[in-house]
Amino acid sequence: MDSHGAARTSRTARTEEQYKQDLDKIAKYRALEDSIRAQAETNNYDAALFNLTSKLLRLNPEYYTIWNVRRRCLISGLLSGPSDGPSPSKASPNTSLSDTTNPSSDSSLPSSSDPTRPDRDSPIAGKNGTTADSNTGHDEDADANVLRSELAFIIPLLLQFPKCYWIWKYRRWLLEEATTRLSATAARGIWEAELALASKMLTKDRRNFHAWGYRRYVVTALESPSLNGKSMVEEEFAYTTEKVRGDLSNFSAWHNRSQLVSRLLDERSADDAARKAFLDEELALVGEALNVGPEDQSLWYYHQYLMSQIVNYTSRSTIVPALSVTERVAYVKREIDQIKDLLEDYDDIKWIYEALLEYTIALKGLAEHEGEGIQIEDPLEWLAKARALDPMRAGRWDDVEKQLRANSHSAS
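Quick caveat: nothing in here was measured; it's all calculated off a predicted structure.

A look at the packing of aromatic side chains
- Taken as a whole and judged by the stated rule, the model has 12 aromatic pairs.
- Measuring from centroid to centroid gives 4.7 Å for Trp67 and Tyr170, while their planes differ by 35°, and the two rings are tilted. Pair noted here: Trp67 is in helix H3 (residues 64–78) and Tyr170 is in helix H6 (residues 165–181), with a separation of 103 residues, a long-range link.
- The class for Tyr170 is buried, based on a relative accessible area of 0%.
- Taken together, Trp168, Trp191, Tyr214 and Tyr217 form an aromatic cluster joined through their ring pairs.
- Here the guanidinium or amino end of Arg172 rests over the ring plane of Tyr217, the centre of that ring lying 3.9 Å away.
- Sitting over the ring of Tyr313, Arg328 keeps its end group 4.0 Å from the ring centre.

Here it is as structure tokens:
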């Protein structure tokens with residue numbers, strides 16, 4: 001049986017020799033851990049301790065305290081000057097190893113409003129576009145090399161442990177140090193390389209939602225003023241197009257696309273006609289995909305997002321605010337007719353009936369606003385089909401039926 005594309009391996013009884021080898025590995029691991037703890041307690045965060053952390057982290061990257069020791073080694077000597085950014089290691093150098101706290105997974109990105117940020121125009125220019133400050137001993141060339149080396153050190157660990165949160169947190173810390181310590185040009189180069197890494201990760205696993213979240217984090221940084229950034233919404237929207245055309249089941253790509261639509265239209269200064277044309281294009285795109293794979297839940301979620309922009313317009317802003325109620329009714333009726341066409345070839349897929357149920361209810365609501373008689377099918381018909389195909393959610397269907405009958409009773 002496969003799990004996330006990785007075949008499970010069968011376990012067999014261990015031999016006496018293998019057992020002895022395991023005990024030897026455990027003894028060496030504990031000796032290495034003891035050495036790190038002993039030196040850290042003396043606050044001697046030198047290169048020797050740094051090398052010890054490399055050995056232990058290759059064995060166990062889940063040991064977050066050792067990542068914090070490694071941070072202290074960098075701040076205490078391997079990086080050329082003190083970072084202006086806050087650091088728990090720097091703020092309390094006498095904290096014992098056992099009291100080290102784990103860094104936040106959602107650390108905010110450095111911005112141009114951070115206090116006491118160094119003036120990047122004042123230091124003496126160094127090679128490769130970086131700078132060196134003769135007053136503070138800040139050498140951007142050296143810092144850039146250290147940070148790149150650390151980012152490279154992490155790559156094999158990421159390949160072996162792609163879902164280890166402590167690796168990702170340390171990597172984010174390195175990137176934020178780059179923003180703080182280096183010139184905008186040098187730091188941006190490091191962040192751009194990180195975006196390329198995220199792209200490679202998504203080429204290897206197109207539906208890895210961890211990688212999609214990390215990509216959004218990197219793009220946000222590249223757009224920030226601290227990296228002389230500009231909007232990347234057009235490029236990222238095009239990237240989602242590439243990904244969904246390559247894999248219609250890529251839920252993360254569809255989700256990312258939905259997060260970009262509103263901002264995309266705003267930045268294009270799209271008028272009402274352009275917004276309507278955009279909606280038509282997106283409905284055509286996902287409609288084409290549904291004709292191929294109506295059993296794919298991710299497609300229905302994106303279609304549902306687009307339909308929400310049509311029917312849920314009274315309580316929030318939408319991407320097509322200027323549509324009249326008559327136009328909204330026409331859109332919903334058209335989509336219902338197209339979905340019903342799917343039943344000719346796919347009459348056993350519950351997502352079709354759920355969509356027909358939801359959109360028929362929405363159409364009834366729009367008809368009330370329109371004030372004119374519109375021929376609408378009874379949603380209870382679609383509810384019965386959904387109930388038959390998905391009996392495990394009987395409670396949900398009961399609630400929907402009660403609501404429908406209550407609304408019908410009040411209307412009469």
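Further notes follow.
Quick notes on the pattern of salt bridges
- Within the structure shown, the criterion is met by 25 salt bridges.
- The salt bridge involving Arg181 is made with Glu177; its shortest N-O contact spans 2.6 Å. Of this pair, Arg181 and Glu177 are both found in helix H6, 4 residues apart, which corresponds to roughly one turn of the helix. The pair Arg181 / Glu177 is uniform in exposure class, with both members buried.
- Across the pair Glu236 and Arg215 runs a salt bridge whose closest N-O atoms are separated by 2.9 Å. Of this pair, Glu236 sits in helix H9 (residues 233–246) while Arg215 sits in helix H8 (residues 209–222); the two residues are 21 residues apart in sequence, bridging distant segments of the chain. Across the pair, Arg215 and Glu236 agree in class, each one buried.

Structural notes on the packing of H6 against helix H7 (residues 184–204)
- Running from N to C, H6 and H7 point in directions that differ by 150°, and their axes come no closer than 8 Å. Judged by the angle between their axes, H6 and H7 are roughly antiparallel. Considering only the axes of H6 and H7, their crossing is left-handed. Residues Trp168, Arg171, Leu175, Glu176, Ala178 and Thr179 of H6 form the contact with H7, whose own contacting residues are Ala187, Ile190, Trp191, Glu194, Leu197 and Met201.

Here is what the cut-offs are and how they apply
Residues numbered from 1 in each chain as written. Predicted model: local features only at pLDDT ≥ 70, side-chain atom pairs only at ≥ 80, totals over all residues. Heavy atoms only, no water. Phe/Tyr/Trp six-rings, centres within 6.5 Å; stacked < 30°, edge-to-face > 60°. Helix = DSSP H or I, 4+ residues; strand = E, 2+ residues; numbered from the N terminus. Buried < 20%, exposed > 50% of the residue type's maximum accessible area, 1.4 Å probe, protein only. Lys NZ or Arg CZ within 6 Å of the ring centre and 35° of its normal. Salt bridge = Lys/Arg side-chain N within 4 Å of Asp/Glu carboxyl O. Axes fitted to C-alpha atoms, helices over the stretch in contact; angles between N-to-C directions. Parallel < 35°, antiparallel > 145°, perpendicular 65-115°, else oblique. Left-handed = near helix turned anticlockwise from the far one by under 90°. Contact = heavy atoms within 4.5 Å.

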